[in-house]
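# Topology and contacts: notes
For reference, the chains in residue letters:
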Amino acid sequence: MAVGARSGHDEPEDRPGRPAHSEPAGAAEDGTTVSGTDSDGGASGGSTARKKNPRPFWKELPLLIGVALVLALLIKTFLVQAFSIPSDSMQNTLQRGDRVLVDKLTPWFGSEPERGEVVVFHDPDKWLEGEPTPKPNAAQKFLSFVGLMPSAEEKDLIKRTIAVAGDTVECKKGGPVEVNGKALTEPYVFAGNSACDDMPFGPFKVPDGKIWVMGDHRQDSADSRYHTDDANKGFVPVSQVVGRAVVVAWPVNRWSVLSVPDTFDQPGISAAAGAAPGVLGLAGAVPFVIRRRRRLTAGRTAG
C-alpha cells in the first residue's frame, strides 16, 4: 500500500519475501527521504536534503564584474575619486604623476574647504586655457568614468587652500603670507622659493562662498595671485571644489596622508575667533545694562 494511502489504524499487509515496514515511514513528494527505518528495522538517521550543484564560476563572473563596476561608480560619485597630478605646481608635497585620493563625501554634508587643506577644483574661469588635454582611448574613458583610473579629460586643478570666506589675505615682497594679520610658517613651500616674491598681492578680503588658493611650488604655480582680473578676482568658488585630497595613493613608495600644517592652527588666525571676545563681552554686558535701567526706572517711579 502506498504511503499516501494509509489512514486510520490499518495495518500494512505482510507479503511473502518482503520484510515488514521496509518502506520509508515518511517520503517527501520530491523523493527526498526525511526519516524512516532500514530493511533491518534500524533507524536510517537524520535528514539528507538533496544538494544543488553549484553554478560554474564562468557563469557567476559577469554578475560579479557588474556589481564591482556599479560599486566603483557609486564610490567615485559619492565617496572617493582618484586624480593624477599633471604638473609641478605642488612640489614637493606632490610630484608630477602622483595619484591622490579625493574625499567627495564631506561636501555632500555641507562641509567647506578649510585653511591648509589641499583641494581639487574645476577650472573656475579659464585658468587652464591653452593647456594641452590628453586624448584617452575608449578603455581609458570607460575606466575613468567608473572611477577605476583618473580622468585625463577633466579640466581640474589642485592647490592648497590659504584663506577662506571672511579672511583677509596678503603677501608683500620679501615677506610671508599673512592671514588675518598672522604670518604663516610654510615648511611645505618648495625649497628655494619665496612666499610670493614673483607675485605679491593683497590685502584682499575673501568673499562669501570663495577661497584663496596657492601652489606649494610658488615660483611654478599660476594660482589665485595670477587671476585677480578674472570673473572671480582670483578666488575659487566653493561650488567648484570637487573635494579634499587626503592621501597620496600611488606610487607606493610615496604613500602619505595630506594633513593640515600646524601653522593654520595658530591662535587668532581665524577671523571669527578674533571677533569672539568682543562679541562675548557685548553679550555679557547687555543683561547688566538692562537690569540697571530697570532699577533706575523703578526708583523714579517710586519717587
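Refer to the structure presented above.
Please read all numbers here as calculations on a predicted model, not as lab measurements.

### Details of the overall build of the protein chain
Broken down by element type, the protein chain carries 3 helices and 14 strands. Burial statistics for the protein chain: of 303 residues in total, 30% are counted as buried. Counting only contacts in the protein chain whose residues sit at least 6 apart along the sequence, the fraction spanning at least 24 positions is 68%. For the protein chain, the accessible area works out to roughly 19,100 Å², and carbon and sulfur atoms hold 58% of it.

### Digging into the pattern of salt bridges
Enumeration over the complete set of coordinates arrives at 8 salt bridges. Two residues, Arg254 and Asp98, come together in a salt bridge whose shortest N-O distance is 2.9 Å. With Arg254 in the loop between β13 (241–250) and β14 (256–257) and Asp98 in the loop between β3 (80–84) and β4 (99–103), the pair connects residues that are 156 residues apart, well separated along the chain. A salt bridge links Arg225 to Asp223; the nearest nitrogen and oxygen atoms lie 2.8 Å apart.

### Overview of the pairing of β13
In terms of strand pairing, β4 meets β13 through 5 bridges, oriented antiparallel. Bridge assignment links Val100 to a residue of β13, and that residue is Val248. Relative to β14, β13 is paired through 2 bridges, and the arrangement is antiparallel. Paired with Val247 across the two strands is Val257, which belongs to β14. Turn length for the β13-β14 hairpin, with the two strands adjacent in sequence and antiparallel, is 5 residues.

### A closer look at unusual backbone geometry
At the junction of Gln91 and Asn92, the peptide bond is cis and its omega measures out at -5° in the coordinates. Position of Asn92 relative to the elements: it lies in the loop between β3 and β4. Look at the link from Trp250 to Pro251: it is a cis peptide, with omega at 0°. Tracing the backbone shows Pro251 in the loop between β13 and β14. The backbone phi angle of Lys126 is positive, close to 65°, even though this residue is not glycine. Classification of Lys126 as exposed rests on a relative accessible area of 57%.

So, how was this worked out
Residues numbered from 1 in each chain as written. Predicted model: local features only at pLDDT ≥ 70, side-chain atom pairs only at ≥ 80, totals over all residues. Heavy atoms only, no water. Helix = DSSP H or I, 4+ residues; strand = E, 2+ residues; numbered from the N terminus. Buried < 20%, exposed > 50% of the residue type's maximum accessible area, 1.4 Å probe, protein only. Contact = heavy atoms within 4.5 Å. Areas by Shrake-Rupley, 256 points an atom, 1.4 Å probe, with all protein chains shown as cover. Salt bridge = Lys/Arg side-chain N within 4 Å of Asp/Glu carboxyl O. Pairing = 2+ DSSP bridges.

From the geometry alone we can't say anything about function, so treat these as descriptive.
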